[in-house]
Amino acid sequence: MGCPMPKLTINGREVEVAEGTSVLQACEQLGIEIPRFCYHERLSVAGSCRMCLVDVEKAPRPVASCAMPCSEGMVVHTDTPAVKAERQAVMEMLLLNHPLECPVCDQGGECDLQDIAFAYGKDRCRSREVRRRVRDKAMGPLIVTAMTRCIHCTRCIRFMDEIAGTHELGGFYRGEHLEIAPLIEGPLLSELSGNLVDVCPVGALTSKPYAFRARPWELTKTESIDVMDAVGSAIRIDSRGGEVMRIVPRLHEGINEEWIGDKTRFACDGLRLQRLDTPYVRGSDGKLQPASWAEALGVIAARLKNVQPSRIAALAGDLVDCEALFAMGQLLDKMDVGNRDCRQDGAVYDTSVRAAYVMNTPIASIEKADAVLLVGVNPRTEATMVNARLYKRWRRGGMAVGVIGQAADLGYAYEHVGYSPVALRDVMDGKHAFASVLKAAKNPMIIVGAGALARGDGEAIHAAARELAESFGMIREDWNGFNVLQQAAARVGGLDLGFVPQGQYGMGVRSILAAAQGGRLDALYLLGADEIDTAHLGKTFVIYQGSHGDRGAQRADVVLPAAAYTEKDGTYVNVEGRVQRTRRAVPPVGEAMEDWAIIAALSRALARPLPYETVKAVRGAMIAKHPHLGRVDDVSVNAWQPFGKGGTLSLQAFGAAVPNYYMTNAICRVSPTMAACTAAILPLQQKGEGK
Amino acid sequence: MNNMQPKSFFFTPENEAEAKKIIAKYPAGKQVSAILPLLDRAQRQHGGWLPSAAIVYVAGLLSVPEVKAFEVASFYTMFNLEPTGKYLIQLCRTTPCWLKGGEDIARTCETRLGIKAGETTPDGLFTIKEVECLGACVNAPVMQINDDYYENLTPDSVMKILDDLAAGRKPKVGSQTGRCGACSCGKGDE
Ligand code: SF4
Ligand code: FES
Ligand code: FES
């Protein structure tokens with residue numbers, strides 16, 4: 001048994017650390033830098049590179065500080081000439097077989113090996129031996145390998161085992177013959193594979209789409225958040241000359257820790273393509289013609305004149321920020337239009353209570369859960385970072401998972417409770433054994449997918465899930481295990497702002513689309529809404545506002561070009577109800593404007609002016625009405641109140657809510673990288689599911 | 001080599017029963033440790049080499065990711081991932097054997113059999129493999145043929161051993177000079 005709070009001396013300074021702290025960590029606490037390659041604070045300790053050597057008094061030889069737990073009375077030296085010589089020797093060994101190709105290596109400028117060699121290496125090579133060459137390995141469309149550069153730190157292997165959970169990489173053979181490789185060469189199947197680029201301390205694994213495109217020191221770095229799913233991972237947008245060059249993760253312990261999904265990282269090449277860079281108006285020949293802002297807004301004003309408000313409707317898409325939704329809502333109010341919805345998927349469940357549509361268990365609190373029931377949801381494809389957290393929790397042991405829905409490969413083991421919503425009843429009534437698992441759990445959770453709630457029996461599922469949460473002790477003063485997993489970045493914000501049908505006759509998505517098809521709608525405003533069936537909108541006059549020439553724009557009569565998420569300061573509310581902001585990294589393309597500004601301009605053209613000149617002004621007004629939207633990064637506890645209508649659970653099995661992770665919105669649909677993933681990875685993933 | 005790979009692999013009923021016994025030897029939750037003896041069983045069952053299907057099969061038995069089983073199988077030189085000859089000659093090439101003339105032993109084998117390390121004779125009888133220390137350095141130089149050790153080798157004794165095997169005779173196992181084990185009694189020392 002170690003001592004509870006060992007005290008040790010490092011370079012003459014005393015420090016007291018928690019039991020189990022390694023010498024390396026203790027040094028970090030004192031701000032003493034220890035060079036390392038294999039050690040990664042979120043991965044298990046390998047102790048294989050020996051770069052972290054320190055001297056410990058009375059120890060017969062230098063000690064790998066990452067793998068050595070602190071003990072009482074240890075006296076450690078990190079800055080003596082001996083330590084310097086030891087590290088120099090390790091460095092020399094690591095460089096024995098490392099190619100001297102920094103000028104053509106993409107890791108250059110952000111390479112641990114380069115940096116540490118600069119600090120600890122020698123400038124001469126004494127070896128005259130032939131350097132080892134290792135064949136490069138195929139890893140699919142995202143990662144390019146240069147395996148001769150590999151220093152065998154095994155971080156990538158541990159990442160795949162411990163974070164991604166797909167166990168795809170291994171170290172084969174040994175000694176001089178050791179090679180890091182995928183078991184089956186070809187595309188990696190994990191949606192987290194892009195993190196290998198960050199995890200690899202050298203240039204062995206680098207980003208394929210970003211290859212040879214920029215050097216880190218040329219990039220402007222903007223801290224922002226992701227909108228590819230509703231999780232809102234913290235990202236950094238690296239841009240050069242008005243172009244987004246790459247997206248990398250930023251640390252957020254509450255959300256994504258230091259990882260991001262491949263869509264978040266790699267869909268950004270979609271920002272360069274098929275952009276709407278000028279307004280368009282459909283001419284008499286039926287073709288969209290470029291137009292000026294004044295013309296386009298004029299056409300809208302003319303077409304909306306004398307149209308009854310009940311024959312106008314607006315739908316908001318999945319990537320829209322709160323400011324735009326708020327301004328749009330106000331404009332619609334001014335026009336007396338109640339037909340509006342932010343739920344493109346057609347969901348109609350009760351959203352009057354906030355706890356009814358968010359994850360009430362913050363992502364980080366998943367680590368406290370000990371039983372989880374997944375209902376009609378595949379967190380791996382719908383919210384990759386949530387799945388990563390579930391996997392992390394599961395790996396620690398002591399968490400049981402039950403699945404109602406498709407039996408997908410989630411990385412962790414689970415009990416397949418049933419295929420259809422009726423299984424919820426079985427659990428409720430204690431007919432299924434998982435009921436006793438939930439009963440016995442201290443912190444049980446239920447996660448209901450947005451796709452489940454968009455079904456015909458969505459209201460029944462919603463109510464049944466609530467009932468289950470209440471009767472299985474998931475709702476307590478100190479714990480709320482009821483969770484709805486949204487897929488769209490805009491959804492929680494839209495619901496918070498009440499962008500749902502207003503007034504007695506206000507129509508929601510389903511009725512709006514039916515009205516359009518039946519000729520009962522004169523004008524439809526698509527605020528970035530691309531996930532609806534645009535083929536059956538009849539003769540309705542369609543206005544599309546958004547960043548990409550996707551489905552909505554193709555059907556539109558007037559197209560208003562808007563900024564993408566990397567080009568604006570916008571508020572989003574993530575799946576946990578956490579308020580976050582994107583920040584403008586690059587200017588909007590061409591004539592495009594930020595969404596709120598377009599709506600403000602339109603309001604003036606319609607003679608129903610909104611008083612906003614700046615995003616601050618819109619945000620101020622929005623926060624005045626919805627104060628919680630001003631509390632950035634706050635996950636507030638949502639009051640538990642009765643909600644839901646109930647209904648009959650259907651026997652129809654749950655489908656896959658996101659059949660293709662790589663193609664879920666207008667940006668990824670035009671991304672060449674996402675297309676490559678769809679072609680290369682998706683068939684393999686589906687084959688894997690089948691086995 | 002790939003066309004030699006069988007599509008599937010299963011233990012024979014005897015090996016399956018044996019596997020159960022082996023697994024039961026390890027404490028609960030640590031069954032993965034049985035991977036080495038199980039891979040060895042599989043290799044013996046499959047005529048001295050370990051096809052991919054067998055590695056996958058063993059991984060499945062122990063519920064360990066396949067990649068881990070392949071790491072283990074490729075790490076140990078005792079596992080042959082490709083078919084070998086009837087007699088697998090493992091030549092020690094580590095320092096003590098090398099100092100005691102291991103090079104000559106290797107050369108002798110190669111000339112006698114007409115193949116190089118890593119190759120198999122056309123008649124499928126012999127495969128030569130170079131390995132690291134076999135742990136019998138006291139009697140260096142050493143080679144291992146299938147499960148038997150041949151120690152204190154000289155080019156002549158190697159020739160004799162190979163001739164015996166080729167002729168279907170059983171050669172003398174152990175120290176070729178008659179040294180009794182690793183004993184310092186001097187019996188059998190040159
Ligand atoms: S590829 Fe990179 S991360 Fe993987 S072992 Fe080699 S150096 Fe380490
Ligand atoms: S960092 Fe300690 S051995 Fe690699
Ligand atoms: S060196 Fe050959 S057996 Fe040890």
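Residues numbered from 1 in each chain as written. Chains lettered and ligands numbered in written order. Predicted model: local features only at pLDDT ≥ 70, side-chain atom pairs only at ≥ 80, totals over all residues. Heavy atoms only, no water.

**Q** Looking at this structure, I do not really get the pairing of strand 28 (residues 579–582) of chain A. What am I missing?
**A** The two faces of the sheet receive side chains in turn, since in a regular strand these alternate between them. Residue and element names in this part refer to chain A. Two elements, strand 27 (residues 570–573) and strand 28, share 4 bridges in a ladder whose sense is antiparallel. Among the inter-strand pairings, Thr571 is bridged to a residue of strand 28, identified as Arg581. Hairpin connection of strand 27 to strand 28: 5 residues between the antiparallel strands, including Gly577 at a positive phi of 85°. (Pairing = 2+ DSSP bridges. Helix = DSSP H or I, 4+ residues; strand = E, 2+ residues; numbered from the N terminus.)

**Q** In this structure, what is going on with the environment of Asp321 of chain A? I would like to understand it.
**A** All names here are of chain A. Examined against the element boundaries, Asp321 turns out to sit in the loop between strand 15 (312–316) and helix 8 (322–335). Residue Asp321 is classed as buried on the basis of its relative accessible area of 2%. Not counting residues within four places of it along the chain, the set of residues in contact with Asp321 comprises Lys568, Gly570, Thr571, Tyr572 and Asp595. Within the structure, the side chain of Asp321 is placed 3.2 Å from the backbone nitrogen of Glu323, a separation counted as a polar contact. Polar contacts involving the side chain of Asp321 include one to the main-chain amide nitrogen of Ala324, which spans 3.0 Å. (Buried < 20%, exposed > 50% of the residue type's maximum accessible area, 1.4 Å probe, protein only. Contact = heavy atoms within 4.5 Å. Polar contact = N/O pair within 3.5 Å; in protein donor to acceptor, adjacent residues only side chain to side chain.)

**Q** Explain the nonpolar core here, please?
**A** As a rule of thumb, nonpolar side chains are buried together in soluble globular proteins. Residues and elements named next belong to chain A. Core analysis: the biggest nonpolar cluster contains 93 residues, and Phe159 and Leu374 have the highest contact counts within it. Contacts of Leu374, omitting those with residues within four sequence positions, involve Pro379, Leu390, Val401, Gly402, Val403, Ile404, Leu410, Tyr412 and Ile447. Counting 92 residues, the second largest nonpolar core, distinct from the first, contains Ala347, Ala464, Leu527 and Ala600. (Core = buried A, V, L, I, M, F, W, Y, C linked by side-chain atoms within 4.5 Å.)

**Q** Whenever I open this one, the packing of helix 2 (residues 81–96) of chain A against helix 3 (residues 112–120) of chain A confuses me. Can you help?
**A** Geometry of a packed helix pair, given as the angle between the helix axes and the separation of the axes. Residue and element names in this part refer to chain A. The contact between helix 2 and helix 3 brings their axes to 10 Å, and the two run at 135°. Taken as axis vectors, helix 2 and helix 3 run oblique relative to one another. Pair helix 2 / helix 3 crosses with left-handed handedness. Touching Arg87, Gln88, Met91 and Leu95 of helix 2 are Leu113, Ile116, Ala117 and Tyr120, all from helix 3. (Axes fitted to C-alpha atoms, helices over the stretch in contact; angles between N-to-C directions. Parallel < 35°, antiparallel > 145°, perpendicular 65-115°, else oblique. Left-handed = near helix turned anticlockwise from the far one by under 90°.)

**Q** Sorry if this is basic, but what is going on with the domain arrangement of chain A here?
**A** It is common to give the size of an interface as the accessible area that goes away when the parts come together. All names here are of chain A. Structurally, chain A comprises domain 1 (7–94), domain 2 (102–272), domain 3 (280–350 + 491–625) and domain 4 (359–485 + 643–658). Measuring from the centre of the C-alpha atoms in domain 1 to the corresponding centre in domain 2 gives 26 Å. Each partner contributes residues to the interface: domain 1 has 20 residues there, and domain 2 has 23 residues. Of the roughly 1900 Å² buried between domain 1 and domain 2 on both sides combined, carbon and sulfur atoms contribute 57%. For domain 1, the biggest contributors to the area lost against domain 2 are Phe37, Arg42 and Leu43; these three give 37% of the whole. For the pair domain 1 and domain 2, the number of links is 4 salt bridges. Note that Arg42 is salt-bridged to Glu258, the shortest N-O span being 2.7 Å. In this structure, the connection of domain 1 to domain 2 is made through 10 residue pairs in polar contact (both at pLDDT 80 or more). (Domains from an automatic or database assignment. Buried area = accessible area lost by both parts, 1.4 Å probe. Salt bridge = Lys/Arg side-chain N within 4 Å of Asp/Glu carboxyl O.)

**Q** Is there a simple way to explain the sheet that holds strand 5 (residues 75–77) of chain A in this structure?
**A** Strand pairing in a sheet takes place through backbone hydrogen bonds and is either antiparallel or parallel in direction. All names here are of chain A. Read from one edge of the open sheet, 5 strands run 2-1-5-3-4, paired in mixed fashion. Edge positions in the sheet fall to strand 2 (13–16) and strand 4 (63–64), since each of these pairs with one other strand and no more. Sitting on the sheet, helix 2 is in contact with strand 3 (53–56) and strand 5, with an inclination near 150° to strand 3.

**Q** Where do I start with the packing of aromatic side chains in this structure?
**A** Any pair of aromatic rings gets described here by the distance separating the centres and the angle formed by the planes. Going through the model one piece at a time under the given rule, you end up with 13 aromatic pairs over all chains. An angle of 65° between the planes, with centres 4.9 Å apart, marks the rings of Phe159 of chain A and Trp259 of chain A as edge-to-face. Here Phe159 of chain A is found in helix 4 (residues 155–164), whereas its partner Trp259 of chain A is found in the loop between strand 12 (243–249) and helix 6 (262–266), with 100 residues between them in sequence. On the accessibility criterion, Phe159 of chain A (0% relative accessible area) is buried. Its relative accessible area of 2% is what places Trp259 of chain A among the buried residues. Following the ring pairs from residue to residue traces out a cluster consisting of Phe9, Phe10, Phe11 and Tyr57 of chain B. The ring of Phe75 of chain B has Arg174 of chain A lying over it, and the distance from NZ or CZ to the ring centre is 4.9 Å. When the ring centre of Tyr661 of chain A is taken as origin, the NZ or CZ atom of Lys263 of chain A, which lies over that ring, is 4.5 Å away. (Phe/Tyr/Trp six-rings, centres within 6.5 Å; stacked < 30°, edge-to-face > 60°. Lys NZ or Arg CZ within 6 Å of the ring centre and 35° of its normal.)

**Q** Where do I start with helix 2 (residues 35–45) of chain B in this structure?
**A** Along an α-helix, residues three or four apart share an orientation, since each turn contains 3.6 residues. All names here are of chain B. For helix 2, every residue scored as buried is listed here: Ile35, Leu38, Leu39, Ala42 and Gln43. Viewed along the axis of helix 2, the buried residues span an arc of 140°, placing them on a single side of the element. Those residues of helix 2 that are buried lie in contact with helix 1 (13–24), helix 3 (52–62) and helix 4 (66–75). Positive phi shows up at Gly47, right after helix 2, with a value of about 75°. (Arc of directions from axis to C-beta.)

**Q** Even after reading the chapter, I still don't get the interface of chain B and chain A, so can you show me in this structure?
**A** Counting residues at the interface gives 10 residues for chain B, matched by 11 residues for chain A. A buried area of about 960 Å², summed over both sides, lies between chain B and chain A, and 61% of it is on carbon and sulfur atoms. Along the contact surface separating chain B from chain A lie 1 salt bridge. Residue Asp161 of chain A is joined to Lys68 of chain B by a salt bridge in which the shortest nitrogen-to-oxygen separation is 2.6 Å. Applying the counting criterion to the chain B and chain A interface returns 4 residue pairs in polar contact (both at pLDDT 80 or more). For the side of chain B that touches chain A, the per-class residue count stands at 5 nonpolar, 2 polar and 3 charged. (Nonpolar A, V, L, I, M, F, W, Y, C, P; charged D, E, K, R; others polar.)

**Q** Looking at this structure, I do not really get unusual backbone geometry. What am I missing?
**A** Most peptide bonds are trans, and most residues other than glycine sit at a negative phi. The omega torsion across Ala140 of chain B and Pro141 of chain B is -5°, close enough to zero to call that bond cis. Even without being a glycine, Gln274 of chain A presents a positive backbone phi close to 50°. Within the secondary structure layout, Gln274 of chain A lies in the loop between helix 6 and strand 13 (280–282). Judged by relative accessible area, which is 45%, Gln274 of chain A ranks as partly exposed.

**Q** Looking at this structure, how should I read the pattern of salt bridges?
**A** Oppositely charged side chains may form a pair once their charged atoms are brought near each other. Residue and element names in this part refer to chain A. For the structure shown, the criterion picks out 57 salt bridges over all chains. For Asp238, the salt bridge goes to Arg246, with nearest N and O atoms at 2.9 Å. Each of the two residues, Asp238 as well as Arg246, counts as buried. Taking the shortest distance from any N to any O, the salt bridge between Arg311 and Asp522 comes out at 2.8 Å. Within this pair, whereas Arg311 is found in the loop between helix 7 (293–304) and strand 15, its partner Asp522 is found in the loop between helix 16 (509–517) and strand 24 (523–527), the two being separated by 211 residues in sequence. On the basis of relative accessible area, Arg311 is assigned to the partly exposed category, the value being 27%. By relative accessible area, Asp522 is classed as partly exposed at 28%. One network of salt bridges, with partners in common, ties together Arg42, Glu253, Glu257, Glu258, Glu367, Arg389 and Lys392.

**Q** Explain the packing of helix 1 of chain B against helix 2 of chain B to me, please; I cannot follow it from the model alone.
**A** Residues and elements named next belong to chain B. Helix 2 packs onto helix 1 with a crossing angle of 165° between their chain directions and a minimal axis gap of 10 Å. With respect to their mutual orientation, helix 1 and helix 2 come out roughly antiparallel. Considering only the axes of helix 1 and helix 2, their crossing is right-handed. Residues Asn15, Glu18, Ala19, Ile22 and Ile23 of helix 1 touch helix 2, and the partners they reach there are Pro37, Leu38, Arg41 and Gln45. Residue composition of the contact of helix 1 with helix 2, by class: 5 nonpolar, 2 polar and 2 charged.

**Q** So what exactly am I meant to see when it comes to the sheet that holds strand 17 (residues 371–375) of chain A here?
**A** All names here are of chain A. Across the sheet, which stays open at both edges, the 5 strands sit in the order 19-18-17-20-23 with parallel pairing between neighbours. Two strands lie at the open edges of the sheet, namely strand 19 (415–418) and strand 23 (482–485), each paired on one side alone. Direction aside, the axes of adjacent strands within the sheet are offset by 20° on average. Where strand 17 meets strand 18 (residues 400–404), 5 bridges bridge the pair, whose relative direction is parallel.

**Q** In this structure, what is going on with helix 4 of chain B? I would like to understand it.
**A** Of all 10 residues in helix 4 of chain B, 7 are buried, a share of seventy percent or more. Buried positions along helix 4 of chain B lie against helix 4 and strand 7 (169–172) of chain A together with helix 2 and helix 3 of chain B.

**Q** What am I meant to see in the environment of Ala82 of chain A here?
**A** Along the chain, Ala82 of chain A falls in helix 2. Between the C-alpha atom of Ala82 of chain A and that of Gly506 of chain A, which follows or precedes it by 424 residues, the distance is 78 Å.

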